[in-house]
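These are the residues of each chain, in order.
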Amino acid sequence: MISKQQIDEIKYRNDIEDVISQYVNLKRAGSNTNGLCPFHSEKSPSFTVYKSSQSFYCFGCGAGGDVITFIMKAENLDYRDALEFLAKRAGITLIEDDRDRDQGMRRTRVLEMNREAARFFHNNLKNSPEALQYLSQRGLDGATIKHFGLGYATESFGALTDHMHKLGYTDEELKTAFLAGISQKSGRAYDYFRKRVIFPIINTSGEVIAFGGRIIDDTKPKYLNTSDTPAFKKSKNLFALNYAKNYCAEKMILCEGYMDVIALHAAGFQNAVATLGTALTPDQARLMKKYTKTVLISYDSDEAGQKAADRAFAILSEAGLETRILRMNGAKDPDEYIRKFGKVGFQKIIDGGLTRFDYKFAAILAENDISTTEGRVKAAALAVEEIARTSSTVERDIYIGQASQKLNVPGESIKRDVEKLISLRRRKVQREQHDKIVLDSQGYGDRVNPDKIKNLRANAAEETILGIMLKFPEYIGMVNKGEFELCEEDFVSEFSRRVFKALTEAGEDFDLGTLNSEFNESEMSRLVKMQIAREGLTVNPVLFKDSINTLREAKQHSELSIEDIINKKRKQSNT
């Protein structure tokens, strides 16, 4: 493994504020900085970077750790690859180890395979008249094919597999990279992609991270996509973002399919991207937020596409993005629209993009006969629901005016109903947040420390002890020297025992970064939470010793059973 000295150097040369500021707009708040969390959607900053301890913590979603943990989460990397990422950023050459052989395949190995597979598929295309004809019929010329690195997987069950074997890759490696499957009958590897046009998925660093395959006949399924691998997580990537990132500062076009994106790029709309065989995710929305201000949803015009667009609206708005939907009358998708109406026609629908309310209100009017009292009442109720979803007071007033005029209902009446609904929703959220705080304090659903609920008083003492040791490593040295009577068996929870063991083994010169290989992201977040809870507090040996005594006393006197706590909670709810 990488030495502690090298980890220390990597962290020293990658100041946490400098690194995180590449992902988050940080603002000074005393000795710390804060901003909007990159790991969940929020409108008020709850993400804090602590320069003194070189750590971060989000009070909204609970994410926390050091600069290594941050890069692991932000770039979807494992521990070793995050170290490589930061080492490269700082110009440090890492000492190689035997991780490939002993601890499973690394991301870099998958990227190497993907690069070779992309070359293989692209070369196949040159010798595949059937595939070239298909792409020509879809309106793609040689320059576009080359630009996107398109390829072709033949009907052969072993063409790619045999080629990769010659390069030294094993069946298990090919399976892990999702380039091959393993037959249950024969145990032999077979090509995953067959008789399909291949779309390489390339990240913003220019690395081939995955593939999409489109059948060229009527065989089902129409598309096959790489599943998650050590180099790829489909919920956190977008097709063609590697190109679009240079053209989307103001607007980005979101499509459903590869061909839609390619058609738009070929027509000059180089700010188009697509999701990767799944519905839009919050991670993808936050990724888009890094590069653009406004997203134009250009999904298929069929019912399924419009339902997906409706869901995307909510996710993009939650991420803080201005969102519009493009209405494509006369075509089922952007690819067909471009071929029928050209670049000028598509530019017109971009200029006429609808807000969520305009889009939903048009549908409400189409589905209800507002010439009748019953139809107007139902349409007004649905309009109120949509207006209440809008956070901006100015926007709400505009939409109230539109609804009032169209439905011939007094604006004040609509406004009162909107405010009433907002108030009801706010109270519901407050109740849910209160219930969550109560349950969290009692240890319900604690996946990091499931033992917490068994003895709350002991757990509080454990967190105080470990928080002091994390914040003030000299106490680790004092424990190791025997100045305090404290051992692993004194702790009640398994998680606390693991933390105590890791700290005492690391010694007084321990660094949070060295724990990333032993604790997962959620556990690292908990460690930082315990550490920052000691921020600004005066700690002395007397307090530390008192906490040890409290732990021992709490351990000797068992608290309420889980059943007792649940029954107590039920009684409180009933009253």
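Residues numbered from 1 in each chain as written. Predicted model: local features only at pLDDT ≥ 70, side-chain atom pairs only at ≥ 80, totals over all residues. Heavy atoms only, no water.

### Description of the overall build of the protein
Each helix and strand in the protein was counted, giving 25 helices and 15 strands. On the principal axes, the C-alpha backbone points of the protein span a range of 80 × 75 × 50 Å. For the protein, restricting intrachain contacts to residue pairs at least 6 apart in sequence, the fraction spanning at least 24 positions comes to 64%. With the model as given, the accessible surface of the protein reaches about 28700 Å², and the carbon-plus-sulfur share is 48%. In the protein, 84 side chains carry a positive charge and 82 a negative one; their mean positions are 5 Å apart. (Helix = DSSP H or I, 4+ residues; strand = E, 2+ residues; numbered from the N terminus. Contact = heavy atoms within 4.5 Å. Areas by Shrake-Rupley, 256 points an atom, 1.4 Å probe, with all protein chains shown as cover. Lys, Arg positive; Asp, Glu negative; His and termini not counted. Charge placed at Lys NZ, Arg CZ, Asp CG, Glu CD.)

### As for the packing of helix 14 (residues 303-318) against helix 16 (residues 356-367)
For the pair helix 14 and helix 16, the least separation of the axes is 11 Å and the interaxial angle reads 145°. Note that helix 14 runs across helix 16; the crossing there is left-handed. Where helix 14 approaches helix 16, its residues Q306, D310, F313 and A314 are matched on the opposing element by R356, Y359 and K360. Residue classes in the contact of helix 14 with helix 16 are distributed as 3 nonpolar, 1 polar and 3 charged. (Axes fitted to C-alpha atoms, helices over the stretch in contact; angles between N-to-C directions. Left-handed = near helix turned anticlockwise from the far one by under 90°. Nonpolar A, V, L, I, M, F, W, Y, C, P; charged D, E, K, R; others polar.)

### Some remarks on the side chain of K234
Structurally, K234 is set in the loop between strand 11 (223-225) and helix 11 (241-244). Of the side chains with opposite charge, D228 comes closest to the buried, unpaired K234, at an N-O distance of 5.5 Å. The residues touching K234, leaving out its near neighbours within four places in the chain, are T226, S227, D228, L276, T278 and Q284. (Buried < 20%, exposed > 50% of the residue type's maximum accessible area, 1.4 Å probe, protein only. Salt bridge = Lys/Arg side-chain N within 4 Å of Asp/Glu carboxyl O.)

### A closer look at the sheet that holds strand 2 (residues 32-35)
The strand order across the open sheet formed by 5 strands is 1-2-3-4-5, and the pairing between neighbours is antiparallel. Edge positions in the sheet fall to strand 1 (27-29) and strand 5 (64-66), since each has one partner strand and no second. Across the sheet, the mean angle from the axis of one strand to that of its neighbour is 25°, orientation sign disregarded. Relative to strand 3 (residues 47-50), strand 2 runs antiparallel, the two being bridged by 3 bridges. (Pairing = 2+ DSSP bridges.)

### Re the confidence of the model for the protein
Confidence along the protein averages 88 in pLDDT terms, with 93% of residues attaining 70 or more. Across residues 98-104, where pLDDT falls below 50, the model places 7 contacts with residues more than four positions away in sequence or in other chains. (pLDDT = per-residue confidence, 0-100.)

### Details of helix 7 (residues 129-137)
Taken residue by residue, helix 7 has A131, Y134 and L135 as its buried positions. Taken end-on, helix 7 shows its buried residues confined to a sector of 95°, consistent with a single buried face. Facing away from the buried side of helix 7, by more than 90 degrees, are the exposed residues P129 and Q137. Where helix 7 is buried, its residues contact helix 6 (107-126), helix 8 (142-148), strand 6 (151-153), strand 9 (196-202) and strand 10 (208-215). Where helix 7 ends, the next residue or the one after it, G139, has phi of about 85°, a positive value. (Arc of directions from axis to C-beta.)

### A closer look at the packing of helix 16 against helix 18 (residues 393-407)
Packing of helix 16 against helix 18 brings their axes to within 12 Å, and their N-to-C directions diverge by 20°. One finds that helix 16 runs roughly parallel with respect to helix 18. As helix 16 packs across helix 18, the resulting crossing turns out to be right-handed. Packed against helix 16, whose contacting residues are F357, D358, F361 and L365, the element helix 18 presents Y399, Q402, A403, K406 and L407 at the interface. The residue inventory of the contact of helix 16 with helix 18, partitioned by class, reads 6 nonpolar, 1 polar and 2 charged. (Parallel < 35°, antiparallel > 145°, perpendicular 65-115°, else oblique.)

### Quick word on unusual backbone geometry
For the bond from K220 to P221, the omega torsion is -5°, close enough to zero to count as cis. With respect to the secondary-structure elements, P221 resides in the loop between strand 10 and strand 11. With phi around 50°, Q54 is a residue other than glycine that occupies positive phi space. Structurally, the position occupied by Q54 is in the loop between strand 3 and strand 4 (55-58).

### Side note on empty space enclosed by the protein
Counted by the stated rule, this structure contains 1 cavity of 30 Å³ or more. Taken as a whole, the largest cavity holds about 40 Å³ of empty space. Considering the residues around the largest cavity, the lining is formed by F148, P200, I202, F239, A240, N242 and Y243. When contributions to the lining of the largest cavity are tallied by element, the ones reaching two or more residues are strand 9 and helix 11. When grouped by side-chain class, the residues that make up the lining of the largest cavity number 6 nonpolar, 1 polar and no charged. (1 Å grid on protein atoms, 1.4 Å probe; cavity = no way out; pocket = protein on both sides within 12 Å on 5 of 7 lines; lining within 4 Å. Points joined across faces, edges and corners; volume = space filled by probe spheres on them.)

### Some details on the sheet that holds strand 6
Strand order in this open sheet of 4 strands is 6-9-10-11, and the pairing throughout is antiparallel. Since the sheet does not close on itself, it has two edges, and those belong to strand 6 and strand 11, each with one partner. Ignoring which end each strand starts from, the neighbouring axes of this sheet average 30° apart. Direction of pairing for strand 10 relative to strand 11: antiparallel, over a ladder of 3 bridges. Looking across to strand 11, one finds that G212 is bridged to N225. On the sheet, helix 6 packs against strand 6, strand 9 and strand 10 and is oriented at approximately 35° with respect to strand 10.

### Some thoughts on helix 18
If you check helix 18, its first and last C-alpha atoms are 21 Å apart, about what 15 residues at 1.5 Å a residue would give, namely 21 Å. All buried positions along helix 18 are accounted for by R396, Y399, I400, A403, S404 and L407. All buried residues of helix 18 project into a common sector of 140° when viewed along the axis, lining one side. For helix 18, exposure combined with an orientation more than 90 degrees from the buried face picks out V394 and Q405. For helix 18, the N-terminal capping position is held by S392, with its side-chain oxygen 3.4 Å away from the main-chain nitrogen of V394. Two residues or fewer past helix 18, N408 is found with a positive phi of approximately 55°. (Expected span 1.5 Å × (residues − 1). Polar contact = N/O pair within 3.5 Å; in protein donor to acceptor, adjacent residues only side chain to side chain.)

### What about the environment of L512?
Inspection of the secondary structure puts L512 in the loop between helix 22 (494-506) and helix 23 (521-532). Each C-alpha atom, one on L512 and one on D8, is 10.0 Å from the other, the two residues being 504 residues apart in sequence.

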